[in-house]
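# Structure at a glance
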Amino acid sequence: MAEVNVLDDTGHPISEKIPALPLRAGEPFSFEAERESLRRLYAMGDFSDIRVTATRGQFGLNIDFIVQRNYYNNVVRVDGLKPPPTESAAIAAMRLSLGEAFRQSALQEALARLKGVLRDNGFYQPKITWALEPHADTRQMDVAVSVNPGSRARVGKISVENKTPYTNARLLRQSKLSRKTSLRQEAQSRASQRLKKFLVNQGYLGAGVVISRQDYDAKSGDVPLTLSVTAGPRVRMETAGAHVSKSRLRKLLPIYAEGAVDEDLLQEGRRNLRNYFQSEGYFNATVDVSSRKDAQENEQVITYQVSRGDRFRLAGVAFNGNKYFGASLLEARLKLQPASFASNGRFSQQMMRDDADSIRGLYLSNGFRDAKVSTDVDDHYRGKRNNLFVTFHISEGPQTRIASLKIEGNHAISTAALLSVTGSTPGQPYSDSGVSSDRDNILALYFNEGFPSASMEAQTERAGDNEVKLVYHVAEGRQVEVSKLLLTGYEFTRRGIIARQVTIKPGGPLREGEIASTQRQLYNLGVFNNVQVAPQNPSGTDPDKAVVVDVQEGDRYTIAYGAGFEMQSVAASCGSAVSTSNSGKITECNPNISKLEASPRGIFEIARNNMFGRAQTLSLAARASTLEYRASLDYTANNFMNQRSLVLQLTSYADKTQDISTFTSTRFQGGAQIVEHLTPSSSLSYQYFYRRVVASNLASTINPLQIPLLSQPTLVSGFEVAYARDRRDNPADATRGTFNTVDFSDAIETIGSSASYLRGYFQNSSFYSFGRAFVFARSVRFGVEQPIGNTVPPYSPSCIPNTQGAITCSTVPLPERFFAGGGTSLRGFGLNEAGPRDPTTGFPIGGLALLIFNQELRFPMHLPFVGNRLGGTVFYDGGNVYDDIYHITLAWKSKSLTDLNYWSNTIGFGLRYPTPVGPVRLDVGFLLNPAQYEFTPQATAANPNPAPQLYRLPRYGFSFNIGPVF
Amino acid sequence: MRRALCIITLLECLSQPLTARAFAPAQDTGANTDLASRSKPIPIDGIAVRIESDIITESEVQELAAYQQLVDGKPQARSEIISELIDQWIVQGEASAAQYPQPLKTDVDGAVTQLQKQFGSATEFQRRCAAAGISESSVRSILRRQIYLSRFLDFRFRPAAQVDSSQVQKYYEDNLVPKLKAKGEKIPALASVEPEIREVLVQQDIDTLSQQWLDDTRSGLTIDILPQGTGQ
């Protein structure tokens, strides 16, 4: 042969890198070499068809492989559907995977599957048309499917094949199947499950229900159904020797879940019952199972005979023989649980065996190949009957170590780089799990460098006593490179917005990490329902792959609405007595009595997403209850100034709250904030804020002429910088980690604020878990406000009204001060009750300094009925709100009856029930040093010289909340 | 695949002479044509079937057609040839994954010799090969492949092929005896022919099981049969 060429269908040589072909110029032609060459070219995955031609040339035979390039699946859209099925369900059923070679046959199969899904959902006569849109430049094929589903079929005549003691009518009623309802697969499945559940509940544990469709009647649009129901034998479960609730039996006995009765399931139920009683403290419990036929009732009776034996208490657990691992580490792995408050502990023979296996597994994975663990149970510990003590005897044996580690076969990644991710280095303990972990880490490195078919085998060889030589053989495979990036699927979003989130680089290796980070960043924009990143031609041998990023934009508008209930304790119980002062009528309120207020709450939100195609969001949210009204309008722009770490937020909201019954606060706020995400756990925000606060309803409680400062409308305008670092494992219910936040703000009169002041706030919280489920949580909060310029502290002598009643200075507005008290700060106080009080009304007025310490110990409990879902806490809360920073003190008592600057101390107990959104908490705080305070009411016509009134703060504080304390 | 199995079964199990095939005009399959005398591009191969990430080539289809022309006097329809090659592809994949050993050279030589005997002489055999448009090396290659695949199927499915005495009895009474009676030949005792009958029944069972397996496997594969001589 003179020449061997690979040409496209225009006759030009192809640009793709061709593998070495067996058919070579200068060698004789053979069909064997030609076919193998044809196979290798096809295996590249770039070509849908290849023709081989021969031409006689001047110097011999010219063989041409003429290729036709593939198209690859791209955007698939299905419109015209009437859900169900939804578009995404229809596309998923078609299984035209992004990036796979497009084939007409695959499209036909996909359309057949689509028809199947439509039929399942009652559409028997759909009209499906489809159109292809090939993109020759990118070799992508878009498929647009248009469906006219027609009318959904309805359930026709329902025939019942009844092998149960119930009537057909009863069965139909239980299944809730009825004629003329829309025919949907999901509804059919639910009907079948309902009926089966009904029969199982009646004791027919082996019941079977099958709903099958007959032929569709095009004239009536109905599909007749056949309901085949078989009850099987009736089974009655009994327990003897101990009471077990029905719900508990259902959880323990697998015959209920499986819907069948066989020997294996009966024995499994026996073991589950035994383990249950053992875990309840009946450590020697035994359970036997027997079955008999009750001819009179025509049912099978299965009896679990329980012999509980004595109830034990697991006093403790100890280890001996362990040198390599400390007892605390071993104890943390145990299922056995020694007795604690309100709990006898958890023990069963199975648990003890599992724990011994777990400890042995720990030793094995650390090179102790001969480790043995045995157990010893003392059931008369310290001479007390039924007091158990378990000892684990550990024989560690010698530890096998690695003498040497060699890595072979690596070329693309250096040995040093591979060694940096291996834990099995010379001198380290040898374990199979360690080698497995090394394999995962090394392969992850290769996958992330574009070697998707890399593999690794480990070989060990003895090297003396308790030593092994380790050799890792790496087969790198071919590196896959990104030839180009194709962005597709977007309609409204600007291309640049998407492109900036893509971390995959053309010309570089195809890294799995970059695929994952691209997907994550695109999802984080919040405007895409679905993001797929896939290489074209994934299974072909061609190492250059075009990578497709396909996005599916979400709805432009999202609407959310909901209803809820809120309840909180608010200060002041106002009676109906009214007296007349110089300024008018005043309602008398007792500042020392709090009341519980509850209110339903409604929420509505609407958002316009992806504004201007820039992944920006405009949202309006409204919340209303009798305790609070709020409406907010927000604009969020991710990737502000094309920086992935910057987010711009423009906010405005109006809020009317009654959480401090000294006054009703109406607040209007606006702001512009830039948030910079420094790391995944930390951020810095820069904000301009504007707040207008009106404290209203003061007239009914406080004489405005007497205390005009508090009734003045306030305007706050300023800047704030805040830093937050959140390393908690779960912000809603942390068990480890830390949370730190610092913010500084400055309200300035020259930019419109009614008062000028500086504000600083700092919080540090940390969480430590130990033992099985114990958590120690602590927090310190410190805040200070300092009036500057013309602004003076509240009740400053320089701020007394003049003879005309005019005020010539400003003070920090009431709602801007620090408040504390309640379920999220000082739990010995009612909500916002801590700190200084108004000298004429006695109501809390907040302060310019705050210092709070919280400590709590959370522990598991094992209680009847709820088991160990309910946890407990004991806590100490200390601190207070102070007049200002100069009045912060640790004094146990306040200096006088009108000076409430002292250090409060609260101890308490709480119950916690975990939920996905945070714990539901009930806390009871006991204030060790409740302060006495005095106030002198305003003079009235009836009482021109009122006597000072003396109160002591309540000793107990109750709070019920969802979410953490701090 | 079934046809190949029957051919091998006949060659290896029964010793009755075969009648010579009737001559049929040799078909021009397009392979091995004298290309050197032409200057226009001549198509010599292409993709006949895309099966998963592999292919079956047009030349393989034509080669098998030529082989059938040689052995049977005429080839099957194209669709049947393609079906046969798909079946071979499936079995080949399974055998390779199981690392089943290739047949020895002596086994292949024996099969070639057996085939040549059907044509009377080596010269006649060569002449018939040329007329059918297939080379001797291709015939050898096809025979090697068929021996390999049939042995693998035997290895794979023989353990599951169970034949009991009643089945042997039934075959003897319903098939062998009537056939021999019709030919006027002596009817041997059951005991003397039982091993052969049992083997025939086992082979039939293997055939059934392997066909079932092939059908199930094929239904899970992505197969595109391209129109002859055109692309997608």
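The text that follows walks through the structure, step by step, so that each part is easy to find.

Thresholds, definitions, all that
Residues numbered from 1 in each chain as written. Chains lettered and ligands numbered in written order. Predicted model: local features only at pLDDT ≥ 70, side-chain atom pairs only at ≥ 80, totals over all residues. Heavy atoms only, no water. Helix = DSSP H or I, 4+ residues; strand = E, 2+ residues; numbered from the N terminus. Buried < 20%, exposed > 50% of the residue type's maximum accessible area, 1.4 Å probe, protein only. Areas by Shrake-Rupley, 256 points an atom, 1.4 Å probe, with all protein chains shown as cover. Contact = heavy atoms within 4.5 Å. Buried area = accessible area lost by both parts, 1.4 Å probe. Salt bridge = Lys/Arg side-chain N within 4 Å of Asp/Glu carboxyl O. Polar contact = N/O pair within 3.5 Å; in protein donor to acceptor, adjacent residues only side chain to side chain. Nonpolar A, V, L, I, M, F, W, Y, C, P; charged D, E, K, R; others polar. Pairing = 2+ DSSP bridges. Axes fitted to C-alpha atoms, helices over the stretch in contact; angles between N-to-C directions. Expected span 1.5 Å × (residues − 1). Core = buried A, V, L, I, M, F, W, Y, C linked by side-chain atoms within 4.5 Å. Patch = residues over 30% accessible without salt bridge, like charges linked within 9 Å, V, L, I, M, F, W, Y side chains within 5 Å. Parallel < 35°, antiparallel > 145°, perpendicular 65-115°, else oblique. Phe/Tyr/Trp six-rings, centres within 6.5 Å; stacked < 30°, edge-to-face > 60°. Lys NZ or Arg CZ within 6 Å of the ring centre and 35° of its normal. Lys, Arg positive; Asp, Glu negative; His and termini not counted. Charge placed at Lys NZ, Arg CZ, Asp CG, Glu CD.

## A look at the overall build of chain A
Along its length, chain A carries 15 helices and 41 strands. Counting only residues that meet the buried cut, chain A has 46% of its 966 residues in that class. With an accessible surface of roughly 46300 Å², chain A has 52% of that area assigned to carbon and sulfur atoms.

## Observations regarding the overall build of chain B
Along chain B, the regular secondary structure elements total 8 helices and 3 strands. In chain B, the succession of helices and strands from N to C terminus is α-β-β-α-α-α-α-α-α-α-β. Within chain B, the fraction of its 232 residues that count as buried is 39%. Of the contacts formed within chain B by residues at least 6 apart in sequence, a portion of 76% connects residues at least 24 apart. When the accessible surface of chain B is totalled, it reaches about 12700 Å², and 53% of it is carbon and sulfur.

## A closer look at the interface of chain A and chain B
Listed as interface residues are 24 residues of chain A and, on the opposing side, 30 residues of chain B. A per-residue breakdown of the area chain A buries against chain B is headed by R35, R39 and Y42 of chain A, which together make up 27% of the total. Seen at the junction of chain A and chain B, the total is 4 salt bridges. For R39 of chain A, the salt bridge identified is with E60 of chain B, shortest N-O distance 3.2 Å. On inspection of chain A and its partner chain B, the count reaches 10 residue pairs in polar contact (both at pLDDT 80 or more). Broken down by secondary-structure element, the contributors of at least two residues to the side of chain A that touches chain B are helix 1 (31-43), strand 2 (47-56), strand 3 (61-69) and helix 3 (104-120) of chain A. In terms of residue count, strand 2 of chain A provides more of the side of chain A that touches chain B than any other element does, 9 residues in total. By residue class, the composition of the side of chain A that touches chain B is 11 nonpolar, 6 polar and 7 charged. The pairing of strand 2 of chain A with strand 1 (residues 42-51) of chain B spans 4 bridges and is classified as antiparallel. Bridge assignment links V52 of chain A to a residue of strand 1 of chain B, and that residue is D45 of chain B.

## Re the sheet that holds strand 15 (residues 387-395) of chain A
Residues and elements named next belong to chain A. A sheet is described by the order of its strands in space; here 3 strands give the open sequence 13-15-14, paired in mixed fashion. Both outer strands of the open sheet, strand 13 (313-320) and strand 14 (372-378), are each paired with one neighbouring strand and no more. The sheet shows a mean angle of 20 degrees between the axes of neighbouring strands, taken without regard to direction. Relative to strand 15, strand 13 runs parallel, the two being bridged by 7 bridges. Directly across from F319, in strand 15, lies its bridge partner F392. In the packing of helix 10 (residues 349-364) onto the sheet, contacts are made with strand 13, strand 14 and strand 15, and the angle to strand 15 comes to roughly 25 degrees.

## What to know about helix 8 (residues 263-279) of chain A
Residues and elements named next belong to chain A. When the terminal C-alpha atoms of helix 8 are compared, their 24 Å separation across 17 residues agrees well with the 24 Å that a helix rising 1.5 Å per residue should span. Considering only its buried residues, helix 8 is in contact with helix 6 (246-252), helix 7 (254-258), strand 11 (286-294), strand 12 (299-307) and helix 10. Measuring from the backbone nitrogen of D264 back to the side-chain oxygen at the start of helix 8 gives 3.0 Å, which picks out D262 as the cap. Phi turns positive, to about 110 degrees, at G281, one or two residues after helix 8.

## A short note on the nonpolar core
Residues and elements named next belong to chain B. Counting 50 residues, the largest nonpolar core has Y67, L70, L115, I134 and V139 as its most contacted members. At the level of elements, strand 1, helix 2 (58-72), helix 3 (78-97), helix 4 (105-118), helix 5 (122-132), helix 6 (136-157), helix 7 (165-183) and helix 8 (190-219) are the ones that each hand at least two residues to this core. Top contributing element to this core by residue count: helix 6, with 9 residues. If near-sequence neighbours (up to four positions away) are discounted, V139 is found in contact with Y67, L70, L115, F125, C129 and I134.

## Remarks on the sheet that holds strand 5 (residues 127-135) of chain A
All names here are of chain A. Read from one edge of the open sheet, 3 strands run 4-6-5, paired in mixed fashion. A strand with exactly one partner marks an edge of an open sheet, and here the two such strands are strand 4 (72-79) and strand 5. Between one strand axis and the next, the sheet turns by 20 degrees as a mean value, whatever way the strands run. Where helix 2 (residues 87-94) meets the sheet, its contacts fall on strand 4 and strand 6 (140-148), and the angle it forms with strand 4 comes to roughly 140 degrees.

## Concerning a nonpolar patch on the surface
Residues and elements named next belong to chain A. Taken together, the side chains of I559, Y561 and F604 present a nonpolar region at the surface, about 370 Å² in accessible area. Examined against the element boundaries, I559 turns out to sit in strand 22 (residues 557-581). The class for I559 is exposed, based on a relative accessible area of 52%.

## Re the packing of helix 3 of chain B against helix 8 of chain B
Two measures define how a pair of helices packs: the angle their axes make with one another and the distance between the axes. Residues and elements named next belong to chain B. As a packed pair, helix 3 and helix 8 sit with axes 11 Å apart at the nearest point and diverge in direction by 90 degrees. Regarding the angle of helix 3 to helix 8, the classification is roughly perpendicular. Seen from helix 3, the contacting residues are S83, I86, D87, I90, V91 and E94; seen from helix 8, they are Q211, W213, L214, T217 and R218. The residue makeup of the contact of helix 3 with helix 8, split by class, is 5 nonpolar, 3 polar and 3 charged.

## Details of the packing of aromatic side chains
In this structure the tally under the stated criterion is 29 aromatic pairs over all chains. Arranged with centres 6.5 Å apart and planes meeting at 20 degrees, the rings of Y768 of chain A and F776 of chain A form a pair that is stacked. With relative accessibility at 45%, the residue Y768 of chain A sits in the partly exposed group. With relative accessibility at 30%, the residue F776 of chain A sits in the partly exposed group. By the ring-pair criterion, three or more aromatic residues cluster together here, those being Y324, F325, Y363 and F368 of chain A. Positioned over the ring face of F492 of chain A is R556 of chain A, at 4.2 Å from the centre of the ring. Lying across the ring of W213 of chain B, R156 of chain B places its NZ or CZ 5.1 Å from the centre.

## Things to note about the environment of L486 of chain A
Residues and elements named next belong to chain A. Here L486 lies in strand 19 (residues 481-488). Given the relative accessible area of 7%, L486 is considered buried. Residues L486 and A546, spaced 60 residues apart in sequence, show a C-alpha to C-alpha distance of 7.1 Å. Every residue in contact with L486, bar those within four places of it in the chain, is listed here: T138, Q140, Q536, A546, V547, V548 and V549.

## Focus on the packing of helix 2 of chain B against helix 3 of chain B
Residue and element names in this part refer to chain B. It is at 10 Å that the axes of helix 2 and helix 3 come closest, and there the two elements cross at 105 degrees. In terms of orientation, helix 2 lies roughly perpendicular with respect to helix 3. On helix 3, the residues that touch E58, E60, V61, L64, A65 and Q68 of helix 2 are R78, I81, I82, E84 and L85. Within the contact of helix 2 with helix 3, the residues separate by chemical class into 6 nonpolar, 1 polar and 4 charged.

## Some points on a negative patch on the surface
A cluster of acidic side chains, namely E258, D262, E263, D264 and E268 of chain A, defines a negative patch on the protein surface. Structurally, the position occupied by D262 of chain A is in the loop between helix 7 and helix 8.

## Describing the pairing of strand 39 (residues 932-935) of chain A
Residues and elements named next belong to chain A. Of the two faces of strand 39, the one holding Y933 and F935 is buried and the one holding Q932 and E934 is not buried anywhere. With 4 bridges joining them, strand 39 and strand 40 (residues 949-952) adopt antiparallel strand pairing. Looking at the pairing, F935 lines up with Q949 of strand 40.

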